[in-house]
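Descriptive structure summary
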Amino acid sequence: MRISLFAVGRLKAGPEKDLASRYLDRFAKAGPAVGLELSKLIEVQESRAANPETRKREEAVALEKALPEGAVLVLLDERGKALDSEAFAGLIGRYRDNGKRDLMLAIGGADGLDRELRSRADVVLNLGSMTWPHQLVRILIAEQLYRAVTILSGHPYHRV
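Residues numbered from 1 in each chain as written. Predicted model: local features only at pLDDT ≥ 70, side-chain atom pairs only at ≥ 80, totals over all residues. Heavy atoms only, no water.

**A few points about the overall build of the chain**
- Helix and strand counts for the chain come out as 5 helices and 5 strands.
- Counting helices and strands in the order they occur from the N terminus, the chain gives β-α-β-α-β-α-β-α-β-α.
- Here the C-alpha radius of gyration of the chain, 15 Å, is about what a compact globule of 160 residues would show, namely 15 Å.
- Dimensions of the chain, computed from C-alpha atoms along their principal axes, come out at roughly 50 × 35 × 25 Å.
- Scored against the burial criterion, the 160 residues of the chain give a buried share of 46%.
- In the chain, the proportion of contacts linking residues at least 24 apart, taken out of those at least 6 apart, comes to 85%.
- Roughly 8,600 Å² of accessible area belongs to the chain as shown, and the carbon and sulfur atoms make up 49% of that amount.
- Positive and negative charge centroids in the chain, built from 25 and 22 side chains respectively, lie 2 Å apart. (Helix = DSSP H or I, 4+ residues; strand = E, 2+ residues; numbered from the N terminus. Rg over C-alpha atoms; globule rule 2.2 N^0.38 Å. Buried < 20%, exposed > 50% of the residue type's maximum accessible area, 1.4 Å probe, protein only. Contact = heavy atoms within 4.5 Å. Areas by Shrake-Rupley, 256 points an atom, 1.4 Å probe, with all protein chains shown as cover. Lys, Arg positive; Asp, Glu negative; His and termini not counted. Charge placed at Lys NZ, Arg CZ, Asp CG, Glu CD.)

Written out as structure tokens, the structure is:
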């Protein structure tokens, strides 16, 4: 299964980008052994529309253009469900085992995600009840993707 990461906002050169890249690289190297492939990282600029609803709608349109046909859409949103690492790995593994070819994880912009996009998502997850800047969310989800691969493969990286 091909996994893509969509993010509103670009990471500039620096330690955040380096750390996110490190975990995505680990995922890309370890994933094929368990049937997971890092497909692409899509970064789009934040909308410059005058109001938050229009900005969210424009950002949703960009995500919808990038979404492969039939892909599982997983949104990261503060109103989503919290999963522990093993449940997140299990979720990815079930989609893979059910024959899904593509899965896209999406990080919204500063205003959040469009309501219509949230309603059409397959899964809406949160990374806790705190608000995180997109740079840190990128690192957190990249690490969790790598952790999911290690859980699915039985590698000792994940310890409880």
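Anyway, onward from the coordinates.
**Digging into empty space enclosed by the protein**
- Across all of its chains, the model carries 1 cavity of 30 Å³ or more by this definition.
- Estimated volume of the largest cavity: approximately 60 Å³.
- As for the largest cavity, its lining consists of 13 residues, of which Val8, Glu59, Ala60, Leu113 and Leu117 are closest to the centre.
- Secondary structure elements with two or more residues in the lining of the largest cavity: β1 (2–8), α2 (52–66) and β4 (102–107). (1 Å grid on protein atoms, 1.4 Å probe; cavity = no way out; pocket = protein on both sides within 12 Å on 5 of 7 lines; lining within 4 Å. Points joined across faces, edges and corners; volume = space filled by probe spheres on them.)

**Digging into the packing of helix α1 (residues 15–30) against helix α5 (residues 134–153)**
- At a minimum axis separation of 8 Å, α1 and α5 run at an interaxial angle of 20°. Compared by their axis directions, α1 and α5 come out roughly parallel. Relative to α5, α1 is oriented so that their crossing is left-handed. Of the residues in α5, those touching α1 at Glu16, Leu19, Ala20, Tyr23, Leu24, Arg26, Phe27 and Ala30 are Gln135, Arg138, Ile139, Ala142, Glu143, Leu145, Tyr146 and Val149.
- Residue composition of the contact of α1 with α5, grouped by class: 11 nonpolar, 1 polar and 4 charged. (Axes fitted to C-alpha atoms, helices over the stretch in contact; angles between N-to-C directions. Parallel < 35°, antiparallel > 145°, perpendicular 65-115°, else oblique. Left-handed = near helix turned anticlockwise from the far one by under 90°. Nonpolar A, V, L, I, M, F, W, Y, C, P; charged D, E, K, R; others polar.)

**A look at the sheet that holds β4**
- In space, the 5 strands of this open sheet follow the order β2-β1-β4-β3-β5, with parallel pairing throughout. Among the strands making up the open sheet, the edge pair consists of β2 (37–44) and β5 (123–126). When the angles between neighbouring strand axes are averaged without regard to direction, this sheet yields 30°.
- Pairing analysis gives 5 bridges linking strand β3 (residues 72–82) to β4, with the strands arranged parallel. When the bridges of β4 are listed, Val74 appears paired with Leu105.
- Running over the sheet, α2 touches β1, β2, β3 and β4 and is turned about 160° from β1. (Pairing = 2+ DSSP bridges.)

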